[in-house]
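Here are the chains, one letter per residue:
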Amino acid sequence: MTCWETFQAYALRSLGQGERLLPRQDYDLCQQFTLIGSGLIWNVYFGVLALFTGFFLANALALAKAGRNPWLRKPAEWFIFVFRGSPLFIQFFLAYEALVLLPKAGIEVFGLTVQTAWTTKAWAGALFVLILNTAAYSAEIFHGALKSIPRGDLEAADAYGISGWHKFRRIEWPTMLRLGWPAYTNEAIFLFHATTLVFFSGFPAFQQRGDALYYANYFADKTFNPFIPYPIVGFYFVLITLALIWLFGRINRRLNRHLPSNLKSRIRLRPQVIR
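Just so you know, these numbers come straight off a predicted model, no measurement behind them. (Residues numbered from 1 in each chain as written. Predicted model: local features only at pLDDT ≥ 70, side-chain atom pairs only at ≥ 80, totals over all residues. Heavy atoms only, no water.)

Examining the overall build of the protein chain
When you go through the protein chain residue by residue, the secondary structure sums to nine helices and two strands. The order of α-helices and β-strands along the protein chain, N terminus first, is α-α-α-α-β-β-α-α-α-α-α. By the compact-globule yardstick of 19 Å for 275 residues, the protein chain is too spread out, its C-alpha radius of gyration being 24 Å. Each principal axis of the C-alpha atoms in the protein chain carries an extent, and together these give about 80 × 75 × 30 Å. Taken over 275 residues, the protein chain has a buried fraction of 40%. For the protein chain, long-range pairs separated by at least 24 residues make up 73% of all intrachain contacts whose partners lie at least 6 apart in sequence. A total accessible area of about 17,200 Å² is found for the protein chain, and carbon and sulfur atoms account for 65% of it. (Helix = DSSP H or I, 4+ residues; strand = E, 2+ residues; numbered from the N terminus. Rg over C-alpha atoms; globule rule 2.2 N^0.38 Å. Buried < 20%, exposed > 50% of the residue type's maximum accessible area, 1.4 Å probe, protein only. Contact = heavy atoms within 4.5 Å. Areas by Shrake-Rupley, 256 points an atom, 1.4 Å probe, with all protein chains shown as cover.)

As structure tokens, this is what we get:
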């Protein structure tokens, strides 16, 4: 089987397309790069959805923690403390054990039966844990940025008569994102790296359609050589990290485009006039 045929057979295996059986012999580099790259689709799935959903939840938690209402502030503080204070692997384990206890026949809600069997699968249960974990860490970042907004900006908004929702939308929220975005970039990178822990969690993969570490572990067990598949996983995540740095860097420049240090100044030639 050529490398192109291997790519056609296994590139989308993690999504249930292509060859159903894993290779049994001739574990070459092409097979390992293709199958591990196929499993990486699930890592990207976990990272993108958790980052997108966790961003909005983190903003809500940061605002609740900075608010004056104790009924909103205290739950937000405890939520952030619990998920930042406990290891992510333990959160995976506890969430799986709690979801397994749900009735297999479903739960009655307003006369309708809601199925719960899907919650114990990796694509749903593990994603839920990742969303809550990254929301807690990101909320602490945004809360610190919210508290670091220069008082002069708020006083200027009051002087111009900007208050309430317009003040938050035009002054506080953009400034919070601008101040917290570098630290949030690091959290996004950590989140994508943390998706590899799904393989070690109790959440099972669906019909052997695992993530990148699932296939790397398969090749390491078959070849008794972990120094090829695991560096391939590292190589793929280095590429993801570079893509995240580029993307979040573009967003950061967009958020700070109004600052004088980011404005491109034209070179003005002023020749010396000979008297």
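Concerning unusual backbone geometry
Look at Asp26: it is not a glycine, yet its phi comes out positive at around 55°. Looking at where Asp26 falls in the secondary structure, it is placed in the loop between α1 (3-10) and α2 (29-66). Judged by relative accessible area, Asp26 falls into the exposed class, the value being 58%.

As for the layout of surface pockets
Roughly 380 Å³ of volume is contained in the largest pocket. As for the largest pocket, its lining consists of 13 residues, of which Leu146, Lys147, Ile149, Leu154 and Glu172 are closest to the centre. Taken together, the elements giving at least two residues each to the lining of the largest pocket come down to α2, α5 (122-147), α6 (151-159) and α7 (164-194). Here the element with the most residues in the lining of the largest pocket is α6; it accounts for four residues. The space that makes up the second largest pocket amounts to roughly 240 Å³. In this structure, the second largest pocket is lined by 14 residues; those nearest its centre are Leu51, Leu244, Leu247, Phe248 and Ile251. Elements that contribute at least two residues to the lining of the second largest pocket include exactly α2, α7 and α9 (229-255). (1 Å grid on protein atoms, 1.4 Å probe; cavity = no way out; pocket = protein on both sides within 12 Å on 5 of 7 lines; lining within 4 Å. Points joined across faces, edges and corners; volume = space filled by probe spheres on them.)

Description of the packing of α2 against α5
Direction vectors running N to C along α2 and α5 enclose 40°, while the axes themselves pass 5 Å from each other. By the angle between their directions, the pair α2 and α5 is classed as oblique. Between α2 and α5 lies a crossing of right-handed hand. A per-class count over the contact of α2 with α5 returns 23 nonpolar, six polar and three charged. (Axes fitted to C-alpha atoms, helices over the stretch in contact; angles between N-to-C directions. Parallel < 35°, antiparallel > 145°, perpendicular 65-115°, else oblique. Left-handed = near helix turned anticlockwise from the far one by under 90°. Nonpolar A, V, L, I, M, F, W, Y, C, P; charged D, E, K, R; others polar.)

Some points on a nonpolar patch on the surface
A surface patch of nonpolar side chains, amounting to about 700 Å² of accessible area, comprises Leu29, Phe33, Ile228, Phe235, Val238, Leu239, Leu242 and Ile245. Mapped by element, the contributors of at least two residues to the nonpolar patch are α2 and α9. Counting residues per element, the nonpolar patch draws most heavily on α9, at five residues. Residue placement: Phe235 occurs in helix α9. Given the relative accessible area of 41%, Phe235 is considered partly exposed. (Patch = residues over 30% accessible without salt bridge, like charges linked within 9 Å, V, L, I, M, F, W, Y side chains within 5 Å. Salt bridge = Lys/Arg side-chain N within 4 Å of Asp/Glu carboxyl O.)

Some details on the state of the cysteines
Applying the stated criterion across every chain, the model contains one disulfide. Note on cysteine connectivity: Cys3 is disulfide-linked to Cys30, with sulfurs 2.1 Å apart. Negative torsions about the S-S bond denote left-handed disulfides, and the value of about 90° found for Cys3 with Cys30 makes this one right-handed. With a gap of 27 residues between them, Cys3 in helix α1 and Cys30 in helix α2 connect regions that are remote in the sequence. Owing to a relative accessible area of 47%, Cys3 belongs among the partly exposed residues under this scheme. On the basis of relative accessibility, which here comes to 14%, the residue Cys30 falls in the buried class. (Disulfide = S-S within 2.5 Å.)

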